[in-house]
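Secondary and tertiary structure notes
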Amino acid sequence: MKPFKVAIPKSVEQASRFQKSDDSPFIAGGTDLLARIKEYVVQPETIVDLKRIEGMTGITSTDDGIRIGALTTMNEVATDGSVTDDYPALSETIMNAATPQIRNMATIGGNICQKPRCWYLRHEGYSCAKNGGSGCWAREGENEFHAIFDNQVCAVTSPSNVAPVLVAYSALIEIQGGEEKREIPAEDFFITPDQDPGREVLLEPGEVVISIHLPAKNRTKKWSYTEAREKQSFDWAQASVTMLYDRGGRKGDHRVVLGAVSPAPLRRDDLEKILKSGSLDDAMIKKLQMKIGDGSHPLSQNGYKVPMLRGLIAQGVRNISGRKEG
Ligand SMILES: Cc1cc2nc3c(=O)[nH]c(=O)nc-3n(C[C@H](O)[C@H](O)[C@H](O)COP(=O)(O)OP(=O)(O)OC[C@H]3O[C@@H](n4cnc5c(N)ncnc54)[C@H](O)[C@@H]3O)c2cc1C
Ligand code: SF4
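The following paragraphs examine the structure supplied in this document. (Residues numbered from 1 in each chain as written. Chains lettered and ligands numbered in written order. Predicted model: local features only at pLDDT ≥ 70, side-chain atom pairs only at ≥ 80, totals over all residues. Heavy atoms only, no water.)

**Examining the overall build of the protein**
Per the secondary structure count, the protein includes 13 helices and twelve strands. Taking 2.2 N^0.38 as the reference for a compact globule, 326 residues should give roughly 20 Å; the C-alpha atoms of the protein span a radius of gyration of 19 Å, in line with that estimate. For the protein, the spread of C-alpha atoms along the three principal axes comes to 60 × 50 × 30 Å. Expressed as a percentage of the 326 residues in the protein, the buried residues total 53%. Considering only residue pairs separated by 6 or more positions, the protein has 64% of its internal contacts joining residues 24 or more positions apart. With the model as given, the accessible surface of the protein reaches about 14,700 Å², and the carbon-plus-sulfur share is 50%. Both charge centroids of the protein, one from 41 positive and one from 43 negative side chains, sit 3 Å from each other. (Helix = DSSP H or I, 4+ residues; strand = E, 2+ residues; numbered from the N terminus. Rg over C-alpha atoms; globule rule 2.2 N^0.38 Å. Buried < 20%, exposed > 50% of the residue type's maximum accessible area, 1.4 Å probe, protein only. Contact = heavy atoms within 4.5 Å. Areas by Shrake-Rupley, 256 points an atom, 1.4 Å probe, with all protein chains shown as cover. Lys, Arg positive; Asp, Glu negative; His and termini not counted. Charge placed at Lys NZ, Arg CZ, Asp CG, Glu CD.)

**Some thoughts on the site of ligand 2**
For ligand 2, the set of nearby residues contains 13 residues, the closest of which are Cys 118, Cys 128, Cys 136, Cys 154 and Ala 155. With respect to the pocket detection grid, ligand 2 is positioned in the largest cavity. Per-class residue counts for the shell around ligand 2 are ten nonpolar, two polar and one charged. (Near = heavy atom within 4 Å. 1 Å grid on protein atoms, 1.4 Å probe; cavity = no way out; pocket = protein on both sides within 12 Å on 5 of 7 lines; lining within 4 Å. Sits in = over half its atoms within 2 Å of the grid points. Nonpolar A, V, L, I, M, F, W, Y, C, P; charged D, E, K, R; others polar.)

**Quick notes on the pairing of strand β9 (residues 223-228)**
Within β9, six of the six residues are buried, which leaves the element mostly enclosed by the surrounding structure. Of the two faces of β9, the one carrying Trp 223, Tyr 225 and Glu 227 and the one carrying Ser 224, Thr 226 and Ala 228 are both buried.

**Description of the packing of helix α11 (residues 269-276) against helix α12 (residues 282-291)**
Where α11 contacts α12, the two axes come as close as 10 Å, and the packing angle between them is 165°. Comparing the axis directions of α11 and α12 gives the class roughly antiparallel. Helix-helix and strand crossings are classified by hand; for α11 and α12 the assignment is right-handed. Facing α11, whose interface residues are Asp 270, Leu 271, Ile 274 and Leu 275, α12 presents Met 284, Lys 287, Leu 288 and Lys 291. Considering only residue class, the contact of α11 with α12 consists of five nonpolar, no polar and three charged. (Axes fitted to C-alpha atoms, helices over the stretch in contact; angles between N-to-C directions. Parallel < 35°, antiparallel > 145°, perpendicular 65-115°, else oblique. Left-handed = near helix turned anticlockwise from the far one by under 90°.)

**Quick word on the site of ligand 1**
Taken together, the neighbourhood of ligand 1 is formed by 31 residues, with Phe 26, Ala 28, Thr 31, Thr 107 and Asn 161 sitting nearest. Within the backbone of Leu 33, a nitrogen or oxygen atom sits 2.8 Å from an oxygen atom of ligand 1. At a separation of 3.4 Å, a nitrogen atom of ligand 1 approaches a polar side-chain atom of Trp 236. Here ligand 1, which alone exposes 980 Å², has 93% of that area covered by the protein. Elements that contribute at least two residues to the shell around ligand 1 include exactly β2 (26-27), α2 (33-38), α7 (108-113) and β8 (207-215). If you tally residues by element for the shell around ligand 1, the top one is α7, at four residues. Split by residue class, the shell around ligand 1 holds 18 nonpolar, ten polar and three charged. Here the shell around ligand 1 gathers at least three residues from each of two domains, domain 1 (59-113 + 158-218) and domain 2 (223-321). (Polar contact = N/O pair within 3.5 Å; in protein donor to acceptor, adjacent residues only side chain to side chain. Domains from an automatic or database assignment.)

**Describing unusual backbone geometry**
Positioned with a positive phi, Asp 150 is a non-glycine residue whose angle comes to about 50°. Inspection of the secondary structure assignment puts Asp 150 in the loop between α8 (137-140) and α9 (162-168). Residue Asp 246 is not a glycine yet carries a positive backbone phi of 50°. By secondary structure assignment, the location of Asp 246 is in the loop between β10 (239-244) and β11 (255-259).

**Quick look at the pattern of salt bridges**
For the coordinates displayed, the defined rule picks out 20 salt bridges. Here Arg 219 makes a salt bridge to Asp 86, at a shortest N to O gap of 3.4 Å. Here Arg 219, found in the loop between β8 and β9, pairs with Asp 86, found in helix α4 (residues 81-86); they are 133 residues apart in sequence, far enough to count as distant. Taking relative accessible area as the criterion, Arg 219 reaches 35% and is therefore assigned partly exposed. With a closest N to O distance of 3.4 Å, Asp 246 and Lys 251 form a salt bridge. (Salt bridge = Lys/Arg side-chain N within 4 Å of Asp/Glu carboxyl O.)

The structure is reproduced here in structure tokens:
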């Protein structure tokens, strides 16, 4: 590992100044960034440690939902009563991610800003469309875990378990750069290589994710998060399906969001329309299964993700129909 300096800002304004001045990455739990530094994928002169900034940890409940500080650990989020009671899909997806040790170190802000897992991207010897070069090694190479949707420019998958669930709840990502604050709907925060091959999220240099707001109006007891992965733990999803049914008690306000099959979480309003059209029975499962692969362009080794999605959505419908109104 190349030696680096650590800047320790006391405020977001200071953190923005440090990063703007020399393009130094922010660090939170370090479970993603330090691995990339150790592997010489990034070699910063300085890293900017966010952990001493006050007011960025913890979960607060308000009339309009909950606000989760970006430095709150994944474990704290997954086990908090207001999350397990009111936003259970978020708790479930986190408990499916990584390992207990990592969930105790990693923060929710770092989770949604983590870099994709493409093995070419994470090897210092490969240059491609995503890191300033051109072309995509995965298209003709090893692409078993890559994207089957929106994979023309770059076939990375969004690695964050949390991201598709935030899209399903229509969460707002609260950001600060210098003294300026703004909020971005989760659906717009995660971007595709078509929009910008170099970025995965809509952050400008110097901008920090300070918190995540989950609106009360989108809570529902009828939910499902299903994922498939190769190993039982210590592994990322190969595909996931998040389903929220009758959000906020509004009949027909459903969300279906696919994870780990495209560079950003993929909301499927065509599947949401099918869900609106009838009851949660076997006929409905069949219709959803027929449609879920539409628009996919599997590469040489990842066509298995389409039948995998069919199995996950079938399980999702059964999970929801088995849950009581509560
Ligand atoms: C073995 C293993 C298995 C894993 N499995 C999964 C899995 O199944 N699902 C899953 O979702 N993840 C998985 N992960 C990834 C893990 O969840 C992430 O590494 C972690 O969430 C990152 O959080 P962190 O706080 O450690 O981020 P850091 O490593 O500190 O930062 C990650 C990135 O985010 C940026 N960043 C951090 N915080 C902020 C902020 N507040 N504002 C702006 N930018 C910020 C940093 O600059 C950096 O680029 C796994 C990791 C390992 C090692
Ligand atoms: S999938 Fe994206 S990151 Fe991986 S080699 Fe292709 S262009 Fe590069």
